[in-house]
Amino acid sequence: MIQDRNKHTFLRKLYPSTKLYLCLALTLSVILFANNWYSLGVFLLGLGFIIREKFYLEFKIIAVTLTLMFISMFLINGTLYPGNDYTKAPAFVLPLLNIKFYHEGLERSITVYRRVAPLMCTLFLLFRSMNMTDLGIAMNQGGLSYRASFVFINVFQILPVLSKEMTQITDAQRSRGLETEGNILTRVKAFAPIIIPVVCNSIMKVQNQAIALTTKGFSSDAKKTIYRELKKATADYILIVGSILLTIGSIVYRIAV
């Protein structure tokens, strides 16, 4: 999912560490500023970039989650929040169903939702546009050891491979007559014929990868070289400085207020 190499858009051209700075700044600012208009602005900005970067098909799962969260959060807190003052008139009454919503519960819902929705939108956008190979190179250039960065990046590369293998093996076993759908007992019986080939294939892949790494001098103490050099553009420096200032400003604002 995060291995796309197309770099024709603004976000995909950014240096990986720049996106990490942006993630930190947006997370802290949305949480610490606690302003409805600021959170709405971040949310709309994220949606705009998602449409511009053409990630809307992948974002639909998060969009459904946010919609369900909005409905359940405002419905439950607006009516059943313990801090609701039922002696006062409700904020509004839902027609036909006669469901009463109170100010305290609605304010509580807004407080939580204004922090969750913008972050889910913007963090999805930033991480979706990040290439893990570039992130590994950036980690090496930042001073992290070659082995540590390899382990970190390899985890993200293995998970999609295992998921794909699990799907392929499940389909292959179904074609041989294995029942994988049904009650719990049927699923338990189908677990072993599926998981054993997955584990065996994983062990074989690890052995092949270990041989490949050895032949390429992974264990050597010599200085490692990088086949592709990444350089920061002017936009990267501007965004990094802006992210640092936004982070510091959020912390200062929270302390002062």
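Everything here concerns the structure above.
Now for a description of the structure that goes with this document. These numbers come from a predicted model, not from an experiment. (Residues numbered from 1 in each chain as written. Predicted model: local features only at pLDDT ≥ 70, side-chain atom pairs only at ≥ 80, totals over all residues. Heavy atoms only, no water.)

Details of the nonpolar core
This is how the line gets drawn: Definition used in this section: a nonpolar core is a set of buried Ala, Val, Leu, Ile, Met, Phe, Trp, Tyr and Cys residues joined via side-chain atoms within 4.5 Å. Per-residue accessibility, obtained with a 1.4 Å probe over protein chains only, is compared with the maximum for each type, and a residue is labelled buried under 20%, exposed over 50%, and partly exposed between these values. Secondary structure elements are defined from DSSP: runs of H or I of at least 4 residues count as helices, runs of E of at least 2 residues count as strands, and each element is numbered from the N terminus. Pairs of residues are marked as contacts when any of their non-hydrogen atoms sit within 4.5 Å.
Within the largest apolar cluster, 23 residues are counted, with the highest numbers of intra-cluster contacts made by Ile50, Phe59, Leu66, Tyr113, Phe124 and Leu126. Going through the elements one at a time, helix H2 (16-33), helix H3 (36-52), helix H4 (56-80) and helix H5 (103-128) are the ones with two or more residues in this core. Among the elements that make up this core, the one with the highest residue count is H5 (eight residues). Look past the residues within four positions of Ile50 in its chain and what remains in contact with it is Phe55, Tyr56, Phe59, Cys121, Phe124 and Leu125. Judged by nonpolar contacts, the second largest core, of five residues, contains Met132, Leu135, Met139 and Ile153.

Here's the deal with the pattern of salt bridges
This is how it is decided: Within this document, salt bridges are pairs made up of a side-chain nitrogen of Lys or Arg and a carboxyl oxygen of Asp or Glu, the two lying within 4 Å of each other.
Across all of its chains, the model carries six salt bridges by this definition. We note a salt bridge from Arg52 to Glu53, for which the minimum N-O separation is 3.8 Å. A relative accessible area of 52% places Arg52 in the exposed class. A salt bridge links Glu58 to Arg128, with the nearest nitrogen and oxygen atoms 2.9 Å apart. Note that Glu58 is positioned in helix H4 and Arg128 in helix H5, a separation of 70 residues in sequence. Overall, Glu58 belongs to the partly exposed group, its relative accessible area being 32%. Judged by relative accessible area, Arg128 falls into the buried class, the value being 9%.

Topic: the packing of H2 against H3
Put simply, the rule is: With axes taken as lines fitted to C-alpha atoms, and helix axes fitted only over the stretch in contact, angles between N-to-C directions fall between 0 and 180 degrees. Note on angle classes: values under 35 degrees are labelled roughly parallel, values over 145 roughly antiparallel, values of 65 to 115 roughly perpendicular, and the remainder oblique. Each crossing gets its hand from how the near helix is turned against the far one by less than a right angle, where anticlockwise is left-handed and clockwise is right-handed. Throughout this entry, Asp, Glu, Lys and Arg are counted as charged residues, while Ala, Val, Leu, Ile, Met, Phe, Trp, Tyr, Cys and Pro are counted as nonpolar. The remaining residues, Gly among them, count as polar.
Put simply, H2 and H3 touch, their axes get as near as 9 Å, and they point 150° apart. Regarding the angle of H2 to H3, the classification is roughly antiparallel. With respect to the hand of their crossing, H2 and H3 are arranged in left-handed fashion. Across from Leu26, Ser29, Val30 and Phe33 in H2, the residues of H3 making contact are Tyr38, Ser39 and Val42. For the contact of H2 with H3, a count of residues per class yields five nonpolar, two polar and no charged.

Re unusual backbone geometry
Although it is not a glycine, Ala34 adopts a positive phi angle of roughly 50°. With respect to the secondary-structure elements, Ala34 resides in the loop between H2 and H3. Judged by its relative accessible area of 22%, Ala34 is partly exposed. With a phi close to 65°, Lys54 is a non-glycine residue in the positive phi region. As for its placement among the helices and strands, Lys54 is situated in the loop between H3 and H4. Residue Lys54 is classed as exposed on the basis of its relative accessible area of 62%.

Some details on the packing of H2 against H5
Viewed as axis vectors pointing N to C, H2 and H5 meet at an angle of 175°, and their least axial separation amounts to 10 Å. When the axes of H2 and H5 are compared, the pair comes out roughly antiparallel. For the pair H2 and H5, the contacting residues are Lys19, Leu20, Leu22, Cys23, Leu26, Thr27, Val30 and Ile31 in the first and Arg114, Arg115, Pro118, Leu119, Thr122, Leu123, Leu126 and Phe127 in the second. Considered class by class, the residues forming the contact of H2 with H5 number eleven nonpolar, two polar and three charged.

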